[in-house]
Amino acid sequence: MDSLITAAAHALAGGDPLGALNFVALRNDAPALALRGIAMAQLGDLTRAKTLLKSAARAFGAKEAMARARCAVAEAEIALISRNLTWPTKALERARITLEEHGDRANVAYARYLKARRLLLVGRLREAEEALVGLESISLAPALHTGCELVSAGIAIRRIRAKAARAALARADEAARMAAIPALMAEVEAVALVLDTPAARLITKGEARPLLLDEVEPLLASDALVVDACRFAVRCAGKVVPLETRPVLFALARALAEAWPADVSRETLLLRAFRARYADESHRARLRVEIGRLRKALRGMADVKATAAGFRLALNRTGEVVVLAPPVEEEHASVLALLADGESWSSTALALALGVSQRTVQRALETLVEEGKVQAVGQARARRWMTPPVPGFPTTLLLPAPISIG
Amino acid sequence: MKHSAAEIINEYGPFPSAEQVHGLTYDGKHVWFASGDRLNAIDPADGKAFDSIEVPAHAGTAFDGEHLFQIADSRIQKIDPKTGRVASTIPAPGNGGDSGLAWAEGSLWVGEYRERRIHQIDPETGAVLRTIQSNRFVTGVTWVDGELWHATWEDEKSDLRHIDPDTGETLERLDMPAGTGISGLESDGHDRFFCGGGNSGKVRVVRRPNHAQANRQ
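These remarks concern the structure in this document. The structure presented is a predicted model; accordingly, all values stated were derived computationally and were not measured.

So, the overall build of chain B
Looking only at helices and strands, chain B features one helix and 21 strands. The C-alpha atoms of chain B give a radius of gyration of 16 Å, which matches the 17 Å a tight globule of 217 residues would have. In terms of principal-axis extent, the alpha carbons of chain B reach across some 50 × 40 × 30 Å. Out of the 217 residues in chain B, the part that is buried amounts to 57%. Of the contacts made within chain B by residues no fewer than 6 positions apart, 43% connect residues no fewer than 24 positions apart. Working note: accessible area of chain B is about 9000 Å², and carbon and sulfur atoms make up 44% of it. Charge separation in chain B, taken as the distance between the mean sites of 22 positive and 33 negative side-chain charges, equals 3 Å.

Remarks on the pattern of salt bridges
Residues and elements named next belong to chain A. By the definition in use, this model includes 37 salt bridges over all chains. Between Asp29 and Arg27 there is a salt bridge, and its shortest N-O distance comes to 3.0 Å. Accessibility classification places Asp29 together with Arg27 in one group, the buried group. Within this structure, Glu93, Arg96, Glu100 and Lys115 form a network of salt bridges that share partners.

Concerning the sheet that holds strand 9 (residues 75-79) of chain B
All names here are of chain B. The strand order across the open sheet formed by four strands is 7-8-9-10, and the pairing between neighbours is antiparallel. On the outer flanks of this sheet lie strand 7 (61-63) and strand 10 (86-91), each paired with one strand and no other. Recorded for the sheet is a direction-independent mean angle of 20° between the axes of neighbouring strands. Sheet topology note: the strand 8 (residues 68-72)/strand 9 ladder contains five bridges and is antiparallel. Across the sheet, residue Phe69 finds its bridge partner in strand 9, namely Lys78.

Things to note about the pairing of strand 8 of chain B
Residue and element names in this part refer to chain B. Counting buried residues along strand 8, five of its five residues qualify, which places the element largely inside the surrounding structure. The side-chain alternation of strand 8 yields two buried faces, one formed by Leu68, Gln70 and Ala72 and the other by Phe69 and Ile71. Looking at chain direction, strand 7 and strand 8 are connected through three bridges and run antiparallel. Its bridge partner being in strand 8, Phe63 is matched across the sheet by Leu68. Between strand 7 and strand 8, which follow one another and run antiparallel, lie four residues, and Gly65 among them has a positive phi close to 105°.

Brief notes about the interface of chain B and chain A
Each partner contributes to the interface: chain B provides 23 residues, whereas chain A provides 22 residues. When the buried surface of chain B facing chain A is broken down by residue, Arg114, Glu156 and Asn199 of chain B rank first, second and third, together holding 33% of it. Here chain B is connected to chain A by eight residue pairs in polar contact (both at pLDDT 80 or more). Residue composition of the side of chain B that touches chain A, grouped by class: five nonpolar, 11 polar and seven charged.

A word on the packing of helix 1 (residues 3-13) of chain A against helix 2 (residues 17-24) of chain A
All names here are of chain A. Across the interface, helix 1 lies against helix 2 with an axial gap of 7 Å and an inter-helix angle of 170°. Judged by the angle between their axes, helix 1 and helix 2 are roughly antiparallel. Counted together, Leu4, Ile5, Ala7, Ala8, Ala11 and Leu12 of helix 1 and Pro17, Gly19, Ala20, Phe23 and Val24 of helix 2 form the full contact between these two elements. When the residues that make up the contact of helix 1 with helix 2 are grouped by side-chain class, the tally is 10 nonpolar, one polar and no charged.

So, helix 14 (residues 266-274) of chain A
Residue and element names in this part refer to chain A. Of all the residues in helix 14, the buried ones are Leu269, Leu270, Ala273 and Phe274. On an axial view of helix 14, the arc spanned by its buried residues comes to 100°, and they lie on one face. Looking one or two residues beyond helix 14, the residue adopting positive phi is Arg275, at roughly 55°.

Remarks on helix 17 (residues 347-354) of chain A
Residues and elements named next belong to chain A. Within helix 17, six of the eight residues are buried, leaving the element largely enclosed by the surrounding structure. Residues Ser347, Ala349, Leu350, Ala351, Ala353 and Leu354 constitute the buried set of helix 17. The secondary structure elements touched by the buried residues of helix 17 are helix 7 (105-121), helix 16 (333-339), helix 18 (358-370) and strand 11 (384-386). Looking one or two residues past helix 17, Gly355 carries a phi angle of roughly 70°, positive in sign.

With respect to the side chain of Glu147 of chain B
Structurally, Glu147 of chain B is set in strand 16 (residues 147-154). A polar atom in the side chain of Glu147 of chain B sits 2.7 Å from the side chain of Trp149 of chain B.

Procedures and definitions
Residues numbered from 1 in each chain as written. Chains lettered and ligands numbered in written order. Predicted model: local features only at pLDDT ≥ 70, side-chain atom pairs only at ≥ 80, totals over all residues. Heavy atoms only, no water. Helix = DSSP H or I, 4+ residues; strand = E, 2+ residues; numbered from the N terminus. Rg over C-alpha atoms; globule rule 2.2 N^0.38 Å. Buried < 20%, exposed > 50% of the residue type's maximum accessible area, 1.4 Å probe, protein only. Contact = heavy atoms within 4.5 Å. Areas by Shrake-Rupley, 256 points an atom, 1.4 Å probe, with all protein chains shown as cover. Lys, Arg positive; Asp, Glu negative; His and termini not counted. Charge placed at Lys NZ, Arg CZ, Asp CG, Glu CD. Salt bridge = Lys/Arg side-chain N within 4 Å of Asp/Glu carboxyl O. Pairing = 2+ DSSP bridges. Axes fitted to C-alpha atoms, helices over the stretch in contact; angles between N-to-C directions. Buried area = accessible area lost by both parts, 1.4 Å probe. Polar contact = N/O pair within 3.5 Å; in protein donor to acceptor, adjacent residues only side chain to side chain. Nonpolar A, V, L, I, M, F, W, Y, C, P; charged D, E, K, R; others polar. Parallel < 35°, antiparallel > 145°, perpendicular 65-115°, else oblique. Arc of directions from axis to C-beta.

By themselves these figures say nothing about function.
The following block contains the structure:
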């Protein structure tokens, strides 16, 4: 490499894209094009960045496999920042293998970090963790180190491990200060803010109060029976009964848990579970069937007992019953939770990240637009969705993650 | 043209706090190498770090017996190794496309990477005295016993070339093994070449072919 290319690369690694452009703005050889592309990406002009990187990859000769692989890694990062989650992951994997063969350790680590970040976004936490394995033992450049720790923090947050998340965040903060890149420090602060914002509401004996993620962790580890309205499950002493696909059972469980230790009238239960405004004999029969199903689902955790007016939850042993609810209850809260990162998302990427169909996401977005909660920019395939960051909005507990704890 | 495989006799690094080696030189005792924002001195006897100078260092490095010369973006800086102070600055002939740097016979010799050529310049003014054309991307440049050697790095392959300074003709070539690029080159004045290993962050020592023996054959 020549002197100006090295100088520009150095400026980029230090988070100074304008300095880098000063060195190579007027050059059109392959390495200069690649660096201009990365500088543009850092400045936020992702479209221009993509074009520059593509022409750089073409300008490198067929035998310059390593340079082309680096372009592919840079393109993957741009795809990730623009929340284009359908970007071909195989290309990134191929690039990683090429870089590994050439002993370019720094960029191999970068490729693995990008892979982990994407997996975290789509909620594949175990794979994200695997992608990061071994990176902590290599000495990474401070900027990359910050990124890796932020991914670790993200994984811990979604796993509801507040302590691990705070530890990773502290390491990210330290690395970001070493890198002395303002954008990185801001990113660390944004994640810190998530940890200091109520992650949920705790409803017990008819009263509600906000909970931080730090408080959710011990709650789930306690012997309380937790009806988790963030992830649609009932948890008790390490056992989890997922009810995501059984909305009626979940509505009944939640109504009963909110009232515990008191009972809930049949009328209220019918209203909550079936939205029935009045109760006829067929509704009553259906309620009996559903209560029977709930009893079966909760076997070993709690019993559902009939009372004069309706039903109540009865614990097998001593302990509490609580409801863990999102801080703000919205019909399409999980979509809003993803958009809360302030990036512009395509509906395809939202569907991928939430693991639902694109049509479902589009319906949710239509409703949210009508309510003025999200904005659309662009048309047709280029259409993107965004929301102004809402303080205190539910985020992490609504994002996809494995349902089990521990 | 003589043609053989390069014999790597030693390898140092990668060094903490210096991810890459952009250029290097030898002051008779220590190897100085450029790593972006710093010049690092190591002892070639044991590979241990000895000293460092905070100075922009993006490509070739040279030593004239008293001062270090270091390419930084499109300039060549003359640095006092004792104080670390920049004594003077001249423009680089490749206007930033420069790679290797050597000092010999009162001149600086600068490799221009993608233009595949070597310039001989006046170390006081930076004026180009002469240009030698090569046929590969030039990285490091060095002189030893009146022989001009340069390193190449193109299409992910590197070699060391002994060229005729008048015609540019390649007289001898040493191929580096696959995966070992050369970003900077300096001779120790005898039978060893120090080679910067680019992004591997290593400094390698390559044996200079034995000429007395070669001439007898």
